[in-house]
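# Residue-level structural notes
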Amino acid sequence: MKNIRRFKQLAPVVPGLLVGSCIALLMQLQAWQPLERTATNYLMYWRGTRAWDNRIVMISIDDATLKQLGQFPISRSYYAGLVERLTVDGAGVIVFNMLFSDPVIVNTGLESSHVANASLARAMNVHSRVVLAQVWGATSEVIRPIPVLLEAAIATGHIRQLIDPDGMTRNIEVVWQGISALGVAAVQAYSLDKELVEIPTQPSQMRINWPGPAADLTTLSLIDVLDERVRPSQLKDKIVIVSYGATAGGEQLRTPFDNQVRVPAGYMHAAVVDNLLNQNWLRPVPQNATLLVVLLGAPLFSSLLYRRQVWVQIALYAGSAVVWIIICFSFLSSSYLLPVVPPVAAILATGLSVTVFSWLRSNALWQVRSAFLNTMSHEIRTPLNAIVNLSDMLRETPLDDRQREFADILHNSSQTLLALINDVLDFSKIESGQFMLEDYPVVLHEAIERSIEMLAPHAAEKGLELVYALEPGTPPLIMSDPVRLQQILLNLLSNAVKFTEVGEISVRVQAEVVTLPLERDVRRWLYSSIPAKSAPPAAPTLEIRFAVCDTGIGIPADRIGQLFKPFTQASASTTRKYGGTGLGLSISRRLSERMGGNLWVRSYPGEGSTFYLTVRARPAMQSPLLPGYLAGLSGTRLLLIDGNSTRRDHLMWTLTPLDIDLSLVTSFAEALSVLHRAPRFDGIILDDAILTAHIARLSIDCASALNHLRQIAQNEPLPIILMSALKRPPPDLSGDTIILWKPVKQIALYQALRSIRPITPIPLSSPSPDAAEAAIAANPLRDRLKILIAEDNRINQRVVLRLLELLGYQADVVDSGKAALAAVCQQRYDVILMDMWMPELDGIETTRQIRQLPEHNANPLSTQRDVWIVAMTANAMARDRQRCYAAGMDDYLTKPINRETLNRALERCPAMQSN
């Protein structure tokens, strides 16, 4: 067991260890060198050219020189003339990339070889800073310049050339057998008379940092210099390199900027001189350091990628590879050569291995987990369907106090169990990466109001205020997942109500435009070729921020870190006192992250908590339409009397855009003072908490207090909208007072405002439950709807039958798929409530066979079907829903079946709508 636990702990770094070891082994074998050379060439090419140092001049024995002199090798008397000419023009150092080891020269008939050598030696002595080339023969014997020239030279330098397998020259040996390289010797001679230039000693090979193409270096023809066709200023204080440059013969080399056409080898010495003068030769990182980075970095990177979603892993390792290339490019601009290929290969190979490993692991685990969850979900939901519905029905029957207590406990426990099952399924789907988000228009205030409305009764029992406000600039309609957004809000609000005994719970919403760099670049690329007038407006990405604030018990600072972990609450005592699974906040955070945001908390013990939720969304193109009667409220003057700051802000931000002149006060006394000064108001919106406090202080009734307001306002029929608590009995009010139940819903507020300037009288109160049931029972369409229940569990048969009876429907029952098929063949049904798991023939296959019957629409894609089949199943996974629709079912209900959900499913039936 310990070994297994240790292996699990090491699992995140195992892919990195394997990849890092392989990369390091290949580095030791020099396997990356070809790719590394290519990568360095591209980086240097992308970096672009730099100007050659203007202190360097190349004199070339080119085709024009050979054509005019008519010989090669040319007489050393010409070189003597060149040295004399350069001495006159003030050249700093003369470097001959020529071998003066052979005393035999072409006899011009004018002078002998000894005379020419002596003439050249005298010129060299006069100049005093001439460097000659030296080589070694095939048997490594030294081939020195002839003695008279060697004695006249200030130094010699080797011209040994290192060529990589791709034909590129990248390195020179600073010293070879005790002799400096020709370019190094030239700079050393230059340093004797000019500024001191540092020469690298370690490592022994210097990496050439090529400035640019050879054609960019100042290159003069030898014959032009001899004929004095070159200005002296072009040669004064220069390091002059004399080299062979004719197109025929001579050693040639390739550079990163001369990759297609080779150039004379003398430019290698010019590049070395340029690097030394500017101290910008390439400084590579030692291979041991690279090995260490790969061996340590790959496991760390593997642990970073471990257990992340696949798209996150791909983004991380692809982005890391690009970032490393950018870093190498930046360092190259500063003359530092970082390894490119091994680190990039380590990043990509580690990322790919982690992704493949994660996919294989998650796929195997998902198969096992999915089968387990499907089975357990079905087995638990099937009996739970009966428990939930029968306990609900039991509470509606006449019971004594003890029986009602037992029924309430049974009902609450079943709801808790159902919530636990739903939380576990959601958590499992998110963890396995099989969770999909929808993208639909969401009316923000409706999503918040639905969440608040579900908790309003519980909050009212505790005397808590539930309020919300959408700050200006927040779009009323966004594109998001309405179900998951409401799930998060409901979880945060339910926790706030659970842990708050006194005070209020508020929700504030604000929006901020965020522009992602990638999104900005994509938009710029998409619309760059579109004329400005025809370019579609790009919807900005918004960060919607919800702040859910309560005045509850608060959370200790040392417990906040544990709050979002699965199956964890603030403390064990919290779990015992308040209950809960500890999954709600964990699921909510994961959902918020999937929606592009985050979830965090700020809390102080005894002062309350504020949970912050952010999600990324786009504003919907269309906006929700306001009721037409609100246009008549323009210019209306209203007085708002409310002590709750959040609700005041909400009402102000809601009413001000309607061109309503709103005055805000926080107490009854302040309201009286305002009415005394400016009594002409068209209506008053009053919080019942302020009214109750005023009544208790003066010992008067509610009607008297309201009439006193009207008298001060000098308007006896002045409409008053009273915001009343849900559980508080409405006071005896006059006809000009409208009750607006808290928490205040926007549509109810709009309806209440019609009393200010009524257009058509509309009843504001909702029908009572008895009236609603009477309306259901009186609907004749329900009697004519033919329903068949296909369910093998007898308890669930009775539950569904009773639910249908309460909704005013009658139904037939069969206990198998074969029986359902036979019943459909015998008579016509409008709706079939089909269980998925039945003996002999399951619901999926039964539906397929029904759809194949000619009289029941053989085309599964048609929307006009003779029978409406509704899946009724305990399987709650997303793919189960897809299987049902693919088989030809029209709707989907998850057990335990709710009465309201069943009613909505039946009302969607075409038979109900067509009648």
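Numbering of residues starts from 1 in every chain and runs along the sequence as written. In view of the model being predicted, local features appear only for residues whose pLDDT reaches at least 70, and side-chain atom pairs are presented and counted only at 80 or more, with totals across whole chains, interfaces and linings using the full set of residues. Water and hydrogen atoms play no part in the side-chain values, which are based on all heavy atoms of the structure.

### Description of the overall build of the chain
The helix and strand inventory of the chain stands at 32 helices and 32 strands. Classification of the 915 residues of the chain by burial places 48% in the buried group. Any two residues whose heavy atoms approach within 4.5 Å at even a single point are treated as in contact. Taking the contacts inside the chain whose residues are at least 6 apart along the sequence as the reference set, 74% of them involve residues at least 24 apart. Entry remark: accessible area of the chain is about 44800 Å², with carbon and sulfur atoms responsible for 57%. By the criteria applied, helices consist of DSSP H or I runs no shorter than four residues and strands consist of E runs no shorter than two, each listed in order from the N terminus. Partly exposed describes any residue whose relative accessible area lies between the buried limit of under 20% and the exposed limit of over 50%, with all areas from a 1.4 Å probe on protein chains only and scaled to the type maximum. Residue exposure ignores everything except the shown protein chains as possible cover, and the areas themselves are Shrake-Rupley values with a 1.4 Å probe.

### Here's the deal with the sheet that holds strand β31 (residues 868–873)
Between any two strands, at least two bridges found by DSSP are needed for them to pair. Pairing within the open sheet is parallel, and its five strands lie in the order β29-β28-β30-β31-β32. On the outer flanks of this sheet lie β29 (812–814) and β32 (891–894), each paired with one strand and no other. Taking the axes of each pair of neighbouring strands and ignoring which way they run, one obtains an average angle of 20° across the sheet. Here strand β28 (residues 787–790) pairs with strand β30 (residues 831–835) via four bridges, running parallel. Only the stretch in contact is used when a helix axis is fitted, and all axes are lines through C-alpha atoms; the angle between N-to-C directions ranges over 0 to 180 degrees.

### Thoughts on the packing of aromatic side chains
Here a Phe, Tyr or Trp ring, Trp counted by its six-membered ring, pairs with any other such ring whose centre lies within 6.5 Å, and the pair is stacked when the planes are under 30 degrees apart, edge-to-face when over 60, and tilted otherwise. Overall, the coordinates contain six aromatic pairs when judged by the stated rule. Relative to Trp176, the ring of Trp136 lies with its centre 6.4 Å away and its plane at 85°, an arrangement referred to as edge-to-face. Separated by 40 residues along the polypeptide, Trp136 in strand β3 (residues 130–136) and Trp176 in strand β7 (residues 175–176) bring together distant segments of the chain. A relative accessible area of 23% means that Trp176 is categorised as partly exposed. Judged by centre distance (5.4 Å) and plane angle (20°), the ring pair of Trp600 and Tyr612 falls under stacked. With a gap of twelve residues between them, Trp600 in strand β21 (residues 598–604) and Tyr612 in strand β22 (residues 608–619) connect regions that are remote in the sequence. Since its relative accessible area comes to 13%, Tyr612 is described here as buried. Each residue in the set Tyr79, Phe96 and Phe100 is aromatic and connected to the rest through ring pairs, giving one cluster. As a reminder, the over-ring test applies to NZ of lysine and CZ of arginine, requiring each to be within 6 Å of the ring centre and within 35 degrees of the ring normal. When the ring centre of Trp176 is taken as reference, the NZ or CZ atom of Arg160 above it lies at 3.9 Å.

### Section: the sheet that holds strand β23 (residues 637–641)
Taken in spatial order, the five strands make up an open sheet running β24-β23-β25-β26-β27, and their pairing is parallel. The two strands at the open ends of the sheet, each matched to only one other strand, are β24 (661–665) and β27 (737–741). Geometrically, the sheet is characterised by an average inter-axis angle of 20° between neighbouring strands, direction not taken into account. Pairing of β23 with strand β25 (residues 683–687) involves four bridges; the strand directions are parallel.

### Details of the pattern of salt bridges
The working definition used for a salt bridge is a side-chain nitrogen of Lys or Arg within 4 Å of a carboxyl oxygen of Asp or Glu. For the structure on display, the rule yields 29 salt bridges. In this structure, Glu195 engages Arg55 in a salt bridge whose closest nitrogen and oxygen atoms are separated by 2.6 Å. Within this pair, whereas Glu195 is found in the loop between α8 (182–193) and β9 (205–207), its partner Arg55 is found in the loop between α3 (33–47) and β1 (56–61), the two being separated by 140 residues in sequence. Exposure remark for Glu195: the relative accessible area of 40% places this residue in the partly exposed category. Overlapping salt bridges bring together Glu465, Asp642, Arg647, Asp687, Asp688 and Lys742 as one network.

### Comments concerning helix α24 (residues 746–753)
For α24, the full list of buried residues reads Gln746, Leu749, Tyr750, Ala752 and Leu753. One side of α24 carries all its buried residues, which in axial view fall inside an arc of 160°. Residues of α24 that are buried in the fold lie against α15 (444–461), β17 (465–470), β23, α20 (645–655), β26 (720–724) and β27. This arc is built from the directions going out from the helix axis to the C-beta atoms.

### Comments concerning helix α10 (residues 266–278)
In this scheme, a helix's expected span is set at 1.5 Å multiplied by one less than its residue total. Over its 13 residues, α10 extends 19 Å from the first C-alpha to the last, a length consistent with the 18 Å expected when each residue adds 1.5 Å. The element α10 is largely enclosed, with a buried count of twelve among its 13 residues. Three or more residues of α10 are buried, namely Gly266, Tyr267, Met268, His269, Ala270, Ala271, Val272, Val273, Asp274, Asn275, Leu276 and Leu277. Where α10 ends, the next residue or the one after it, Gln279, has phi of about 55°, a positive value.

### Things to note about the environment of Arg883
Within the fold, Arg883 resides in helix α30 (residues 878–887). Contact partners of Arg883, with chain neighbours within four places excluded, come to Met836 and Ile844.

### A short note on unusual backbone geometry
Between Lys742 and Pro743 the backbone carries a cis peptide bond, its omega angle lying at -5°. In this fold, Pro743 is placed in the loop between β27 and α24. One non-glycine residue, Gln30, adopts positive backbone phi at about 60°. Relative to the helices and strands, Gln30 is located in the loop between α2 (14–28) and α3. Since its relative accessible area comes to 38%, Gln30 is described here as partly exposed. Backbone geometry places Ser335, a non-glycine residue, at a positive phi of 70°.

### Remarks on the packing of α3 against helix α12 (residues 310–333)
When two helices pack together, their arrangement is given by the angle between the helix axes and the distance between those axes. Where α3 contacts α12, the axes come no closer than 10 Å and their chain directions differ by 65°. As for the relative orientation of α3 and α12, their crossing is right-handed in sense. The segment α3 lies against α12, with Leu43, Met44, Trp46 and Arg47 engaging Ile325, Cys328, Phe329, Leu332 and Ser333. The nonpolar class holds Ala, Val, Leu, Ile, Met, Phe, Trp, Tyr, Cys and Pro. Asp, Glu, Lys and Arg form the charged class, and all remaining residues, Gly among them, are polar. Within the contact of α3 with α12, the residues separate by chemical class into seven nonpolar, one polar and one charged. Two helices that cross are described as forming a left-handed crossing if the nearer one is turned anticlockwise from the farther one by less than a right angle, and a right-handed crossing if clockwise.

### Here we look at the pairing of β24
Taken together, the five bridges between β23 and β24 define a ladder with parallel strand orientation. Bridge pairing in β24 places Leu640 opposite Leu664.

### Focus on the side chain of Thr646
Secondary-structure assignment places Thr646 in helix α20. The buried category is assigned to Thr646, whose relative accessible area is 3%. Beyond its immediate sequence surroundings of up to four residues, Thr646 is in contact with Val467, Tyr468, Ala469, Glu504, Ser506, Val507 and Arg508.

### Some words on the nonpolar core
The nonpolar core is taken to be a set of buried Ala, Val, Leu, Ile, Met, Phe, Trp, Tyr and Cys residues, with the residues joined through side-chain atoms within 4.5 Å. Ranked by internal contacts, the top residues of the largest apolar core, which has 59 residues, are Ile23, Val95, Ile172, Trp210, Ile239, Val273 and Leu276. With eight residues, the top contributor of residues to this core is α10. The residues contacting Trp210, other than those within four sequence positions of it, are Met44, Arg47, Arg50, Trp52, Thr169, Leu253, Thr255, Pro256, Phe257, Tyr267, Met268 and Ala271. The next biggest cluster of nonpolar side chains, apart from the first, holds 40 residues, and it includes Leu470, Phe564, Leu591 and Val615.

### Thoughts on a nonpolar patch on the surface
Candidates for patches are residues over 30% relative accessible area with no salt bridge; among them, like charges are joined within 9 Å and nonpolar side chains (Val, Leu, Ile, Met, Phe, Trp, Tyr) within 5 Å. Among the surface-exposed residues, Val323, Ile327, Phe331 and Tyr336 lie close enough to one another that they form a single nonpolar patch of about 340 Å² accessible area. It is α12 that provides the largest number of residues to the nonpolar patch, a total of three residues. Summarising the element assignment, Phe331 is placed in helix α12. Residue Phe331 is classed as partly exposed on the basis of its relative accessible area, which comes to 38%.

### Concerning the environment of Gln234
Here Gln234 lies in the loop between α9 (222–226) and β11 (239–244). Using a relative accessible area of 24% as the deciding quantity, one classes Gln234 as partly exposed. With 177 residues separating them along the chain, Gln234 and Val57 place their C-alpha atoms 8.1 Å apart. Excluding its chain neighbours within four sequence positions, the residues that come into contact with Gln234 are Val57 and Leu220.

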